[in-house]
Amino acid sequence: MFGTIPVFVLVLAIVVSVIVAAVISCLITCFVYKKRSDKKIGNAEEEARKILDKAFEAAEAKKREGLLEIKEESIRYKNEIEKENKERRAELQRSERRIQQKEESVDKKLDQIEKREQSLAAKEDNLAKEKENVAKLNEQRLQELERISGYTSEEAKEYLLKIVEDDVKHEKAVRIKEMEAQIKDESSQKAKECVVNAIQRCAADHVSDVAISVVNLPNDDMKGRIIGREGRNIRTLEQMTGVEFIIDDTPEAVVLSGFDAVRREVARIALEKLILDGRIHPAKIEESVEKAQKEVENIMKEEGENAALEAGVHGVSPELIKILGKLHFRTSFGQNALKHSIEVAHIAGLLASEIGVDPKMAKRAGLLHDVGKAVDHDQEGTHVTLGTELCRKFHEPAVVINAVESHHGDVEPTSLIARIVQAADAISAARPGARRETLGAYTTRLTELEELSNNFEGVEKSFAIHAGREIRVMVIPEKISDDDMVLLAHDISKKIEDELKYPGQVKVNVIRETRVTDYAK
């Protein structure tokens, strides 16, 4: 049978049976995998359900716990609120009790005040009646006194006031004399010794400068070269230096005029350099002026250092020393300002030694007391204000600053050193020959002294003598008594101190002269 079947059919049958077997095998495998998958899916679903159940159970537990906590918290808050409400109610009750007590107290006080007002009203009525009685009695007493004394009340009042005024005047004059005598006895001798010792031990030279400098020329032909073509040289010199060049008929000399001594010195040095060089033109003038300025700055520095060395003052700022050296070119009433400062430093140191105060600090304050004069040409303000600002800027001690700002009485001295500097400044300025003054200023001071004294009531005539250092006041004897003389001298002295400026001191001498004339016939 098989021998009759073709081969390809047999092959085909085999292939088909293999395919069928493969398909059946695949189906069986798929079925097995499906069964396994279904089992795994079922297990996963079971696990998921278990997890969800556990999650729901945990959520329920958390929910229950949260609710319990919320309930507990609400109960706690409720208890706290109730407790707080109880406390507030208790406090309100206490406040109400206090207010009630205060109202009762106020009511009691009002009752007392009403009773007092009634009592006061009654007393006022009684006082008014008593005042009326007293007024009547006073009127009767005055009438009786006027009848007995023969004076009216106004006349008696004037008489009593006159007696009291005379007594007070006499007592005041006696007290002033006693106090002046006591002060003189205690301080005059010591003060004289201190001042005399200081003046005798201090000797300083003084240079009187004016507002002009003179430069000598080798010949008069040099004047033309200084003026230059169409005056360009002299204009350049005046613009660069700020000094007026006066070229007149004075033979072989040029006058430099200017109030700023530093600029005048720069101009003098620059002109002398130009004369020596022989080449005078604007460019050379600018170069010479610049060199002269540097030279003057060096001079100021050296003068400041020499002044500090001579006064024995150390540790001053180099910039302040340079500014101090500028006083070498500054004068006051013809007195060289730097020499005056050195002299004040010496006198202040000697006075400080005499009374037991630090002489080094006194010298420092004396040397710097007029440092503001070095810059008052360039800056606004008095030399006292400028000097105080400079000392503060360069960190000078507080004692020195107060001495500088109080040496003219602008502020109150706060130390003995400040008062010593005031005295030393006055001694240096008032020393004979230290300062010059013009005839006009001298005459004006004498006239002011006499006019000030003549303005007082009872003064007949005043005479300023001894170069204004004494004023003799002649009074009318009928208007000024012996006691009034003491008061008048004191009042004139105070007015001179307040209104006039003067060196040293002014002696006020009040003279009362009574003459009686008779004739023998």
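For the structure, check the block above.
Below, the structure is looked at part by part.

## As for the overall build of the chain
Next up, step 1: Looking only at helices and strands, the chain features 14 helices and eight strands.
Next up, step 2: The burial tally for the chain puts 29% of its 521 residues in the buried class.
Next up, step 3: Excluding contacts between residues fewer than 6 apart, the proportion of contacts in the chain whose partners are at least 24 apart in sequence is 62%.
Next up, step 4: For the chain, the computed accessible surface area is about 35,600 Å², with 54% contributed by carbon and sulfur atoms.

## Concerning the sheet that holds strand S7 (residues 470–475)
Next up, step 1: The strand order across the open sheet formed by three strands is S6-S7-S8, and the pairing between neighbours is mixed. Here the strands that pair on one side only, and so sit at the sheet edges, are strand S6 (459–465) and strand S8 (507–511). Direction aside, neighbouring strands of the sheet carry axes that sit 20° apart on average.
Next up, step 2: When S7 meets S8, the two strands line up parallel, connected through five bridges. Bridge pairing in S8 places Met474 opposite Ile511.
Next up, step 3: Against the sheet, helix H14 (residues 482–499) engages S6, S7 and S8, with an angle of about 150° to S8.

## Points about the pattern of salt bridges
Next up, step 1: Within the structure shown, the criterion is met by 21 salt bridges.
Next up, step 2: In this structure, Arg76 and Glu80 form a salt bridge, with 3.0 Å as the shortest nitrogen-oxygen distance. Taken as a pair, Arg76 and Glu80 lie in helix H1 (residues 7–149) at a separation of four residues, close to a single helical turn.
Next up, step 3: In this structure, the salt-bridge partner of Glu405 is Arg392, at a minimum N-O distance of 3.7 Å. With Glu405 in helix H11 (residues 398–406) and Arg392 in helix H10 (residues 383–393), this residue pair connects regions lying 13 residues apart in the sequence.

## Details of the packing of helix H6 (residues 282–311) against helix H8 (residues 337–355)
Angle between the axes and distance between the axes: these two values describe a pair of packed helices.
Next up, step 1: Interaxial distance between H6 and H8 falls to 9 Å at its minimum, and their mutual angle equals 20°. With respect to H8, the axis of H6 lies roughly parallel. Relative to H8, the crossing made by H6 is right-handed. Here Glu303, Ala307, Glu310 and Ala311 of H6 lie close against H8, whose contacting residues are Leu338, Ile342, Ala345 and His346.
Next up, step 2: Of the residues that constitute the contact of H6 with H8, the class distribution is five nonpolar, one polar and two charged.

## Some details on helix H5 (residues 261–277)
Next up, step 1: With 17 residues, H5 ought to run about 24 Å at 1.5 Å a step, and its terminal C-alpha atoms sit 24 Å apart, in line with that.
Next up, step 2: Taken together, the buried positions of H5 are occupied by Ala261, Val262, Arg264, Glu265, Val266, Ala267, Ile269, Ala270, Leu271, Leu274 and Ile275.
Next up, step 3: In the segment just after H5, Gly278 is the residue with positive phi, at about 90°.

## Description of the packing of aromatic side chains
Here a ring pair, both rings aromatic, is described through the centre-centre distance and the interplanar angle of the planes.
Next up, step 1: Under the criterion given, the structure shown has zero aromatic pairs.
Next up, step 2: Positioned above the aromatic ring of Phe456, the side-chain terminus of Lys495 is 5.3 Å from the ring centre.

## Describing unusual backbone geometry
Next up, step 1: Even without a glycine there, the phi angle at Glu230 is positive, about 55°.
Next up, step 2: Mapping Glu230 onto the fold places it in the loop between helix H3 (221–227) and helix H4 (232–241).
Next up, step 3: At His395, a residue that is not glycine, the phi angle is positive and equals roughly 60°.

## Quick word on the nonpolar core
Next up, step 1: In terms of nonpolar packing, the biggest core is built from 41 residues, with Leu320, Ile323, Leu324, Leu367 and Leu390 touching the most fellow members.
Next up, step 2: Breaking this core down by element, the ones donating at least two residues are H6, helix H7 (318–325), H8, helix H9 (359–368), H10, H11 and helix H12 (416–430).
Next up, step 3: Considering each element in turn, this core owes the most residues, nine residues, to H8.
Next up, step 4: Those residues in contact with Leu320 that lie beyond four places of it in its chain are Leu368, Val371, Leu390, Phe394 and Glu396.
Next up, step 5: Core analysis: the second largest hydrophobic core is formed by 26 residues, Val215, Leu274, Ile275 and Ala292 among them.

## Focus: a negative patch on the surface
Next up, step 1: A surface patch of negative charge is lined by Glu103, Glu104, Asp107, Asp111, Glu114 and Glu117.
Next up, step 2: On the basis of relative accessible area, Glu114 is assigned to the partly exposed category, the value being 46%.

## Here's the deal with the environment of Asp277
Next up, step 1: Within the secondary structure, Asp277 is located in helix H5.
Next up, step 2: Classification of Asp277 by relative accessible area gives partly exposed; the value is 32%.
Next up, step 3: It is 9.9 Å that separates the C-alpha atoms of Asp277 and Ser288, two residues lying eleven residues apart in sequence.

## Digging into the side chain of Thr236
Next up, step 1: By the element assignment, Thr236 lies in helix H4.
Next up, step 2: On the basis of relative accessible area, Thr236 is assigned to the buried category, the value being 13%.
Next up, step 3: Excluding its chain neighbours within four sequence positions, the residues that come into contact with Thr236 are Pro282 and Ile285.

## Let's talk about H9
Next up, step 1: Within H9, the full set of buried residues consists of Ala362, Arg364, Ala365, Gly366, Leu367 and Leu368.
Next up, step 2: Taking the backbone nitrogen of Lys360 as reference, a side-chain oxygen 3.2 Å away marks Asp358 as the first, capping residue of H9.

## Overview of the packing of H8 against H9
Next up, step 1: Viewed as axis vectors pointing N to C, H8 and H9 meet at an angle of 155°, and their least axial separation amounts to 7 Å. Between H8 and H9, the angle is such that the two are roughly antiparallel. Crossing of H8 against H9: the hand is right-handed. Between H8 and H9, the residues in contact are Ser341, Ile342, Val344, Ala345, Ala348, Gly349, Ala352 and Ser353 and Pro359, Ala362, Lys363, Gly366 and Leu367, respectively.
Next up, step 2: Taken together, the residues that form the contact of H8 with H9 break down as eight nonpolar, four polar and one charged.

Conventions and cut-offs
Within each chain, residues carry numbers counting from 1 in the order of the written sequence. Only residues with pLDDT of at least 70 get local features here, since the model is predicted, and only at 80 or more are side-chain atom pairs given and counted; chain-wide, interface and lining totals rely on the full set of residues. Each side-chain value is derived from all of the structure's non-hydrogen atoms; neither hydrogens nor water enter the calculation. Helix and strand definitions here come from DSSP, where helices need a minimum of 4 consecutive H or I residues and strands a minimum of 2 consecutive E residues; each element is numbered from the N-terminal end. Type-normalised accessible area, obtained with a 1.4 Å probe on protein chains alone, sets the label of each residue: buried when under 20%, exposed when over 50%, and partly exposed for intermediate values. Contacts are assigned to residue pairs that have any heavy atoms within 4.5 Å of one another. For every accessible area listed, the method is Shrake-Rupley and the probe measures 1.4 Å; residues are considered covered only by the protein chains on display. At least two DSSP bridges between two strands are needed for those strands to be called paired. The convention used is that axes are lines fitted to C-alpha atoms, helices contributing only their stretch in contact, and that angles between N-to-C directions extend from 0 to 180 degrees. For salt bridges, the criterion is a side-chain nitrogen of Lys or Arg within 4 Å of an Asp or Glu carboxyl oxygen. Oblique is the label for any angle not covered by the other classes, which are roughly parallel (under 35 degrees), roughly antiparallel (over 145) and roughly perpendicular (65 to 115). In this scheme the handedness of a crossing depends on how the near helix is turned from the far one: anticlockwise by less than a right angle means left-handed, clockwise means right-handed. Only Asp, Glu, Lys and Arg are considered charged, only Ala, Val, Leu, Ile, Met, Phe, Trp, Tyr, Cys and Pro nonpolar, and every remaining residue, Gly among them, polar. Given a helix with a known number of residues, its expected span is that number minus one, times 1.5 Å. In this analysis, rings of Phe, Tyr and Trp, with Trp reduced to its six-membered ring, are considered paired at centre separations within 6.5 Å, and the interplanar angle assigns stacked below 30 degrees, edge-to-face beyond 60, and tilted for intermediate values. Whether a charge lies above a ring is judged from NZ of Lys or CZ of Arg, which has to be within 6 Å of the ring centre and within 35 degrees of the ring normal. For our purposes a nonpolar core is just a set of buried Ala, Val, Leu, Ile, Met, Phe, Trp, Tyr and Cys residues, chained together by side-chain atoms within 4.5 Å. The patches reported here contain residues having more than 30% relative accessible area and no salt bridge. Joining distances are 9 Å for like charges and 5 Å for nonpolar side chains (Val, Leu, Ile, Met, Phe, Trp, Tyr). Note on charges: Lys and Arg go in the positive column, Asp and Glu in the negative column, and His and the chain ends are not counted at all. Here the site of a charge means atom NZ of a Lys, CZ of an Arg, CG of an Asp or CD of a Glu. Counting of polar contacts relies on pairs of N or O atoms within 3.5 Å, with two restrictions inside protein: one atom must be capable of donating a hydrogen and the other of accepting it, and residues adjacent in sequence are counted only when both atoms are side-chain atoms.

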